[in-house]
Amino acid sequence: MKALIIVDVQNDFIPGGALAVAEGDMVVPIINQLQAKFDFIVATQDWHPADHGSFAANHPGKNIGEFIDLNGVNQILWPVHCVQGSQGAEFHADLNQEKWRAIFQKGMNPQVDSYSGFFDNNRQGDTGLSQFLKENGVEEIFVCGLAEDYCVKFTVLDGLEEGFKVHLILDATRAVNIQPDDFSKAMIEMENAGAVITHSVSI
Ligand SMILES: [Zn+2]
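Our subject in this report is the structure included herewith. (Residues numbered from 1 in each chain as written. Predicted model: local features only at pLDDT ≥ 70, side-chain atom pairs only at ≥ 80, totals over all residues. Heavy atoms only, no water.)

## Considerations on the pairing of strand 1 (residues 2-7)
Burial analysis of strand 1 places five of its six residues in the buried class, the great majority of the element. Two elements, strand 1 and strand 6 (residues 140-146), share six bridges in a ladder whose sense is parallel. Looking at strand 6, one finds that I5 is bridged to V143. Pairing of strand 1 with strand 2 (residues 41-46), which is carried by four bridges, proceeds in the parallel orientation. Of the residues in strand 2, the one forming a bridge with L4 is I41. Handedness of the β-α-β unit built from strand 1, helix 1 (residues 27-35) and strand 2 comes out right-handed. (Buried < 20%, exposed > 50% of the residue type's maximum accessible area, 1.4 Å probe, protein only. Helix = DSSP H or I, 4+ residues; strand = E, 2+ residues; numbered from the N terminus. Pairing = 2+ DSSP bridges. Right-handed = clockwise from strand over helix to strand, strands pointing away.)

## Details of the sheet that holds strand 7 (residues 165-174)
Pairing is parallel in the open sheet, where six strands are placed in the order 5-2-1-6-7-8. Two strands in the sheet have a free side with no partner beyond their single neighbour: strand 5 (100-106) and strand 8 (196-198). The sheet shows a mean angle of 25 degrees between the axes of neighbouring strands, direction not considered. Sheet topology places strand 2 next to strand 5; six bridges connect them, and they run parallel. Residue pairing across strands places D46 opposite K106, the latter belonging to strand 5. Its contacts with the sheet place helix 1 against strand 1, strand 2, strand 5, strand 6 and strand 7, and it is angled at close to 140 degrees to strand 7. (Axes fitted to C-alpha atoms, helices over the stretch in contact; angles between N-to-C directions. Contact = heavy atoms within 4.5 Å.)

## Quick notes on unusual backbone geometry
For the bond running from L146 to A147, omega is -15 degrees, close enough to zero to count as cis. Of note in this structure, E23 is not a glycine but carries a positive phi near 65 degrees. As for its position among the elements, E23 is in the loop between strand 1 and helix 1. Non-glycine residue C82 carries a positive phi angle of around 50 degrees.

What follows is the structure, encoded as structure tokens:
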């Protein structure tokens, strides 16, 4: 069984949002077309409490983009984003949700960030995604969404560690690109770890 995993296609990651990914909106029609090719689809949702430790605003004197030690994990500080119940945390209005089996929320623990759809960044919290996929006979996952250099990358890497065959759908993702080459660096990292880089028309 193969599954499509749609990572964090939420308003705050779309141009105009609090943590906008350039061209983030362009993945929406591509992902909607992709969904017709899958019987098993799940989504992840960044879902932070307002006091989350990854927000620069919660560390007086610190700026967005600076790094801090957050309970032993090197943490880049983000703008306030994807706060539980906010408009910014909602999925893009045009994203088709009809076939989704489940939504896996992450980033609820204010003490640790969670990029991957599987585990917190300190690998103590488990969203249950791996178990859900395995219980349903999924062996192969296709990952798309936002952002390629953070939540998509770590979902791909954890998927590989969990024993899935993992494909990254290159045209259905975009990067934050805090550094201009972050997109290609992340792609190489995923490929070196064993991910197959593919394109939506090839699926
Ligand atoms: Zn977040």
